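Reading the structure
The lines below spell out each chain.
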Amino acid sequence: PIWRGRWPVLKLIGHNQPSFDQIGEENLLRGLYLCQRDALIAVARDPRCTQRHSRVLAEIIARMNSKSGMAYPGRASLAKDTTVLPGGRVYPEGGYTEAVVAKTVSELIRFGYILVDKRAPETGGRALSHYTVARPSVEDLQREITAHIEGMWRAGSRFEVVLRIAHDQLGTMHALTRINLLSTS
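I will try to describe carefully the structure that is included in this document. (Residues numbered from 1 in each chain as written. Predicted model: local features only at pLDDT ≥ 70, side-chain atom pairs only at ≥ 80, totals over all residues. Heavy atoms only, no water.)

Some words on the overall build of the chain
In terms of regular secondary structure, the chain is built from six helices and six strands. Ordered by position from N to C terminus, the α and β elements of the chain give β-β-α-α-α-α-α-β-β-α-β-β. When each of the 185 residues of the chain is scored for burial, the buried share is 30%. Sequence-distant contacts in the chain: of pairs separated by 6 or more residues, those separated by 24 or more amount to 51%. Per element, the accessible surface of the chain, about 12100 Å² overall, is 56% carbon and sulfur. (Helix = DSSP H or I, 4+ residues; strand = E, 2+ residues; numbered from the N terminus. Buried < 20%, exposed > 50% of the residue type's maximum accessible area, 1.4 Å probe, protein only. Contact = heavy atoms within 4.5 Å. Areas by Shrake-Rupley, 256 points an atom, 1.4 Å probe, with all protein chains shown as cover.)

Remarks on the environment of alanine 62
For alanine 62, the position within the fold is in helix α3 (residues 51–62). Residues alanine 62 and proline 73 lie eleven residues apart in sequence; the distance between their C-alpha atoms is 9.9 Å.

Concerning the nonpolar core
Membership of the largest hydrophobic core comes to 23 residues, with the highest contact counts inside it found for Val56, Leu57, Ile60, Val101, Val105, Leu108 and Ile114. Mapped onto this core, the elements with two or more residues apiece are α2 (32–45), α3, α4 (75–81), α5 (98–111) and β4 (128–133). Looking at which element gives the most residues to this core, the answer is α5, with five residues. In contact with isoleucine 60, other than residues within four places in its own chain, are Ala71, Pro73, Leu78, Val105, Ile114 and Tyr131. (Core = buried A, V, L, I, M, F, W, Y, C linked by side-chain atoms within 4.5 Å.)

A word on the packing of aromatic side chains
A complete count under the given rule lists zero aromatic pairs for this structure. One cation-aromatic arrangement involves arginine 48 over phenylalanine 111; the distance from NZ or CZ to the ring centre is 4.1 Å. (Phe/Tyr/Trp six-rings, centres within 6.5 Å; stacked < 30°, edge-to-face > 60°. Lys NZ or Arg CZ within 6 Å of the ring centre and 35° of its normal.)

Describing the side chain of threonine 104
Relative to the helices and strands, threonine 104 is located in helix α5. Residue threonine 104 is classed as buried on the basis of its relative accessible area of 0%. Those residues in contact with threonine 104 that lie beyond four places of it in its chain are Arg52, His53 and Val56.

Written out as structure tokens, the structure is:
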């Protein structure tokens, strides 16, 4: 992704990046529900996001196909479902227009929480936007962790970092890091 400060601006797909289908497959292998949960938690904690982002992301996730890891809802249906609760009750604060849903989806893509790919049905017709949740890359996670530790250091926190290297049954190396806060007295 391209970074502006601490925040990713755009998730790139293509050259030297996994494809949309590869990310969908990875989500299925890692556990689709876990990926969806992680995305919802991250949006809820992200200071750039509001309840609007959480509701639109939740509606996209609610439509996600558990076999393909993709969803392809239209803006009109997303707008309707941000207005009406299951059972026919209306959200007290109201819903969102198609324009607001389009803006929110665009922001979720720009923030790196979902990825989009336009695909036409095999039988022909208009291309539909297909969405999947984005898992942060190892590089993204390392960058965020580094920024957090640097922030702790600048704030005067004293800590030690313990790094342990482990290998799984397939021989893949995993670096496990633990940060121990030290007393300031």
